[in-house]
Amino acid sequence: MFGVMFRHNDGYPIVLTSEIATASDTFGASVVGFASAIPENYFRRRIAHMFFRVSSDREGRVKRAPYGLAKVEAALLHYGFSRSDVVIASPYKLDRVIGPRTRIVGIYTMDALGLSYGSGILYWILKLADLPYRGLPYIARSFMEVVEHPAIKAHKDHIKVVVGGPATWQLVDTGAWQKLGVDVVYEGSFENYGPVLFERILKGEDVRGRVVNSKPPSMEEVPTIVTPSIGGIVEVTRGCGRGCAFCTPTLNGMISSFPFEGHIDKEIITNIEKGGFKSITLHSEEFFRYGAKGIDPNPDKVKELVVKAYKLIKRYGEDYRLHTDFTTAAVVVQAPELVKFVGEYMNEGGDWSFIEMGIETGSPRLLNMLMAGKAKPFTPRQYPDIVEQAVGILNDNRWVVVGTMILNLPGERDEDVAASLELLDRLRKYRILTFPLPFIPMGALRKRDFTVLDKMIEDPLRRELILKALIKSMEEAVRSVELIVGNMENIVAKLIIRRISLFAFNLVLSRYKAKLGQLGEHSAEFIRKLASAALNLPGERDEDVAASLELLDRLRKYRILTFPLPFIPMGALRRRDFTVLDKMIEDPLRREFILKALIKSMEEAVRSVELIVGNMENMVAKLIIKRISLFAFNLVLSRYKAKLGQLGEQSAEFIRKLASAAWDISKSPVRIPIDEANQ
Ligand code: SF4
């Protein structure tokens, strides 16, 4: 359309790019991309640029692009623009593609301001592990780096900045887009209106503001990608049709499927031949419903797709692999034979892979209110059982499930969180990473009840859910570290990321466990002796804690791990006196008890490290875990000891005295205030 020859330093008329973290394929393992939510106090600019690398040619054209951006380029080319009109550029090389001829810079964003689920969960992960959190999530910082790029500023008088992608709502709902100099925010499907809009801008029309295009294109209007997509992604369906209230409107339309011949096969070939991928991901919001016309799956269509795609990739070599990314629990339980069939192709030769499943809640009441379609054809009341069954079926077919659970859904009550906690307990025995997500006001619930992250972790019940879900996730992440880094192409980077990941997972895991005051069931298998003492039992007085402290002193000479547990209102004491964890560690007496019990546990854990790693089969993993465990135990041990020292001798002496008098005191109706007796 604008195919006039020009020098590249004149710039391309249309430059497409994205924030750095999104543009990077993180050494070929897009699953490691979760690191993009890590705040900038851990990622100094130079380190971040080394980690989030973007492959591009000398002129700045990328070799692989985020799938959504590759689709934008494809739509523009399909409309009539040429490759010399449009470039998908590396965000590191914008100065090479922006010039006097440039009229549009289109920026694709996944998390422009750091308000997404991913950034929310990373905030909780670090805060709950007492690790510092400063600044923006790196993904948001990298959006700023692009939107404020000197090349854009230098040519701003003749450039319109257009932002699109899943995070545009953040810019609109906060009003940030105007302050950042964005001219157009484009929301919705690009295919049927985006190219027209770009043409209007190129013709000089003064287009500014928010463009919402909610009309999805027909499947025939969607062209295939020209630039390979990060992660070897190939979209096989659009829409879902289950109608969850918080889902984006583009997904809420009924599911439609792309044909294999002429569409899916072309994109697979592009990703393999141009992108160099050996692993292809058939992307769908609900893969096992490929080819379906309604809620019920169409197993024949799914099988046909899998067999054809499998045969195609195997033409390139035995080591080429096929994957998918999303499912619901309901369809898995509805079609277990189909899941088994697909698993034989996707997880061949005993391989495991990840699959995401939005669990969202264990509460049938909330499900009924906000996402009744998620359980179909089953009822919301059956949903917790359906989730457990689905995870079991997926595990049987060698999928590790990545399950998400949303906190703070509009209308959520404590009993809903309790139901989710119950479901979480039932899932403990399966291979699943359970990620607690803060509710993000999207879809039909946009602008409602934005989650205040700190408020969630201050609330004891929600804090417990978050901690337990994260402990389960971290335990599974340690076990699945090979899967996480599996696709990384650079061996040295792979080794480094693997070690760093293991260290980080184990570090936060030990902190969460200490915080929750509990020990995972699996640990009980290899720990010789385990004792626990509950704090905050109903009616507990200071003298009771002092008596427990005395007992703790008497146990010091034995081989025992002593774990202080917060009282949890269960059984006959259900709904009574829920323990506020922070209050416990602020109280000097209880703090001393917790610290002393944990010191004893850590000392014994150091001594028992061989028992802890004893059952591990992989020698290298065993050595690494042993070293990391020893490091972590000794680290927390030294910190606890330093903290205990701060309590002061006076307090310790008083507590000893009080402990020896405790039995008499406990019989007396008179309670001695701790600071009065201390004088
Ligand atoms: S099941 Fe998932 S994709 Fe479908 S509407 Fe619900 S949240 Fe959206």
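Residues numbered from 1 in each chain as written. Predicted model: local features only at pLDDT ≥ 70, side-chain atom pairs only at ≥ 80, totals over all residues. Heavy atoms only, no water.

*Asks:* Please explain the overall build of the chain as it appears in this structure.
*Replies:* Across its full length, the chain carries 30 helices and 17 strands. When burial is assessed residue by residue, the chain has 57% of its 679 residues classed as buried. Entry remark: accessible area of the chain is about 29,800 Å², with carbon and sulfur atoms responsible for 54%. (Helix = DSSP H or I, 4+ residues; strand = E, 2+ residues; numbered from the N terminus. Buried < 20%, exposed > 50% of the residue type's maximum accessible area, 1.4 Å probe, protein only. Areas by Shrake-Rupley, 256 points an atom, 1.4 Å probe, with all protein chains shown as cover.)

*Asks:* What's the story with the pattern of salt bridges in this structure? I'm lost.
*Replies:* Proximity of charged atoms lets side chains of opposite charge pair with each other. Tallied over the entire structure, the rule returns 33 salt bridges. Here R238 makes a salt bridge to E191, at a shortest N to O gap of 2.9 Å. Taken as a pair, R238 in strand 8 (residues 237-238) and E191 in the loop between strand 5 (184-188) and helix 10 (194-202) lie far apart in primary sequence, 47 residues in all. Between R431 and E476 there is a salt bridge whose closest N-O contact spans 2.8 Å. Taken together, the residues span a long stretch of sequence, with R431 in the loop between helix 18 (414-427) and strand 15 (432-438) and E476 in helix 20 (residues 460-479) at a distance of 45 residues. E476 matches R431 in its accessibility class, with the two residues each being buried. (Salt bridge = Lys/Arg side-chain N within 4 Å of Asp/Glu carboxyl O.)

*Asks:* What is the right way to look at the side chain of T361 in this model?
*Replies:* Note that T361 resides in the loop between strand 13 (353-360) and helix 16 (364-370). In contact with T361, other than residues within four places in its own chain, are L366, L367, M371, Y383, S420 and L423. (Contact = heavy atoms within 4.5 Å.)

*Asks:* Mind showing me how you'd approach the sheet that holds strand 6 (residues 209-213) here?
*Replies:* Sheet strands pair by backbone hydrogen bonding; their relative direction is either parallel or antiparallel. Spatially, 2-1-3-4-5-6 is the arrangement adopted by the six strands of the open sheet, whose pairing is parallel. The outermost strands of the open sheet, each flanked by one partner alone, are strand 2 (86-88) and strand 6. Direction aside, the axes of adjacent strands within the sheet are offset by 20° on average. Running over the sheet, helix 3 (residues 67-79) touches strand 1 (14-18), strand 2 and strand 3 (104-108) and is turned about 165° from strand 1. (Pairing = 2+ DSSP bridges. Axes fitted to C-alpha atoms, helices over the stretch in contact; angles between N-to-C directions.)

*Asks:* What's the story with the confidence of the model for the chain in this structure? I'm lost.
*Replies:* Close inspection of predicted coordinates is inappropriate for parts of the model with low pLDDT. In the predicted model, the chain carries a mean pLDDT of 82, and 82% of its residues have values of at least 70. Overall, residues 1-7 carries pLDDT values under 50, and its contacts beyond four positions in sequence, including any with other chains, amount to 19 contacts. Segment residues 571-578: pLDDT under 50, and 17 contacts once partners within four positions in sequence are set aside and those in other chains are kept. (pLDDT = per-residue confidence, 0-100.)

*Asks:* How should I be thinking about helix 24 (residues 542-554) in this particular structure?
*Replies:* Count 3.6 residues to each turn of an α-helix, and residues three or four apart come out pointing the same way. Here helix 24 spans 19 Å end to end across 13 residues, near enough to the 18 Å set by a 1.5 Å rise per residue. Looking at helix 24, one finds that the buried residues are D542, E543, V545, A546, A547, L549 and L552. (Expected span 1.5 Å × (residues − 1).)

*Asks:* I tried to follow the pairing of strand 13 on my own but got confused; where do I start?
*Replies:* The side chains of a regular strand alternate between both faces of the sheet. In terms of burial, strand 13 is largely enclosed, as seven of its eight residues are buried. Strand direction decides the pairing type here: strand 13 and strand 14 (residues 399-407), joined by seven bridges, are parallel. Bridge pairing in strand 14 links S353 to W399.

*Asks:* Teacher, can you tell me more about the packing of helix 5 (residues 117-128) against helix 22 (residues 491-516) here?
*Replies:* Put simply, helix 5 and helix 22 touch, their axes get as near as 9 Å, and they point 70° apart. By the criterion of interaxial angle, the relationship of helix 5 to helix 22 is roughly perpendicular. Between helix 5, through W124, I125, L126, K127 and L128, and helix 22, the contact on the second element is made entirely by V508, Y512 and K515. Classifying every residue of the contact of helix 5 with helix 22 by side-chain character gives six nonpolar, no polar and two charged. (Parallel < 35°, antiparallel > 145°, perpendicular 65-115°, else oblique. Nonpolar A, V, L, I, M, F, W, Y, C, P; charged D, E, K, R; others polar.)

*Asks:* Quick question: what am I supposed to make of the packing of aromatic side chains here?
*Replies:* In the structure shown here, the tally under the stated rule is 15 aromatic pairs. Between F287 and F288, the ring centres sit 5.8 Å apart and the planes meet at 75°, which makes this aromatic pair edge-to-face. By relative accessible area, F287 is classed as buried at 0%. Aromatic rings pair up to connect F43, F51, F52 and Y138 into one cluster. (Phe/Tyr/Trp six-rings, centres within 6.5 Å; stacked < 30°, edge-to-face > 60°.)

*Asks:* How should I be thinking about the nonpolar core in this particular structure?
*Replies:* For soluble globular proteins, the rule of thumb is that nonpolar side chains tend to be buried together. In this structure, I264, I268, L282, F287, F288 and Y512 are the most contacted members of the largest nonpolar core, which totals 149 residues. Counting contributing residues, this core receives three or more from each of domain 1 (1-227) and domain 2 (532-665). (Core = buried A, V, L, I, M, F, W, Y, C linked by side-chain atoms within 4.5 Å. Domains from an automatic or database assignment.)

*Asks:* I'm lost on the packing of helix 3 against helix 10 in this one. Help?
*Replies:* Between two packed helices, the angle of one axis relative to the other and the distance separating the axes together describe the packing. It is at 9 Å that the axes of helix 3 and helix 10 come closest, and there the two elements cross at 70°. It follows from the interaxial angle that helix 3 and helix 10 lie roughly perpendicular. Of the residues in helix 10, those in contact with A75, L76 and Y79 of helix 3 are P195, V196, F198 and E199. Classifying every residue of the contact of helix 3 with helix 10 by side-chain character gives six nonpolar, no polar and one charged.

*Asks:* I keep staring at the pairing of strand 5 and nothing clicks. Help me out?
*Replies:* Among the five residues of strand 5, four are classified as buried, and the element is accordingly described as predominantly covered. Bridging between strand 4 (residues 160-164) and strand 5 involves three bridges; their strand directions are parallel. Among the inter-strand pairings, V162 is bridged to a residue of strand 5, identified as V184. Chirality of the crossover, the property in question, places the unit of strand 5, helix 10 and strand 6 among those that are left-handed. (Right-handed = clockwise from strand over helix to strand, strands pointing away.)

*Asks:* Looking at this structure, I do not really get helix 6 (residues 138-147). What am I missing?
*Replies:* Helix 6 sits mainly inside the fold: nine of its 10 residues count as buried. Considered for burial, the residues of helix 6 that qualify are Y138, I139, A140, S142, F143, M144, E145, V146 and V147.

*Asks:* I tried to follow the sheet that holds strand 15 on my own but got confused; where do I start?
*Replies:* A sheet is described by the order of its strands in space; here four strands give the open sequence 12-13-14-15, paired in parallel fashion. Looking at the sheet topology across the chains shown, the edges are occupied by strand 12 (326-327) and strand 15. The strands touched by helix 17 (residues 383-396) are strand 12, strand 13, strand 14 and strand 15; relative to strand 13, the strand with the most contacts, the crossing angle is about 180°.

*Asks:* Looking at this model, I keep getting lost on unusual backbone geometry. Mind explaining?
*Replies:* Most of the time, phi is negative for any residue but glycine, and the peptide bond is trans. Along the chain, K376 connects to P377 via a cis peptide bond; the corresponding omega equals 10°. Residue placement: P377 occurs in the loop between helix 16 and helix 17. In this structure, D130 is a non-glycine residue whose phi angle is positive, near 55°. As for its placement among the helices and strands, D130 is situated in the loop between helix 5 and helix 6. In this structure D130 comes out as exposed when scored by relative accessible area, which is 54%.

*Asks:* Looking at this structure, I do not really get a nonpolar patch on the surface. What am I missing?
*Replies:* A surface patch of nonpolar side chains, about 290 Å² in accessible area, is lined by V492, I496 and I500. Within the fold, I496 resides in helix 22. For I496, a relative accessible area of 46% puts it in the partly exposed group. (Patch = residues over 30% accessible without salt bridge, like charges linked within 9 Å, V, L, I, M, F, W, Y side chains within 5 Å.)

*Asks:* Help me understand the environment of I386, please; the structure alone is not making it clear to me.
*Replies:* Along the chain, I386 turns up in helix 17. In this structure I386 comes out as buried when scored by relative accessible area, which is 3%. Along the primary structure I386 and V333 are separated by 53 residues, whereas in three dimensions their C-alpha atoms are 6.6 Å apart. For I386, the residues in contact, after removing those within four places along its chain, are A329, A330, V333 and F378.

*Asks:* Looking at this model, I keep getting lost on the side chain of R61. Mind explaining?
*Replies:* Residue placement: R61 occurs in the loop between helix 2 (45-51) and helix 3. Although R61 lies buried, it forms no salt bridge, and the closest oppositely charged side chain, E73, sits 4.1 Å away as judged by the N-O distance. Polar side-chain contacts of R61 include one of 2.8 Å to the backbone oxygen of R83. Sequence-distant contacts of R61, that is, excluding residues within four places in its chain, are made with Y12, S56, E73, R83, V86, V87 and I88. (Lys, Arg positive; Asp, Glu negative; His and termini not counted. Polar contact = N/O pair within 3.5 Å; in protein donor to acceptor, adjacent residues only side chain to side chain.)

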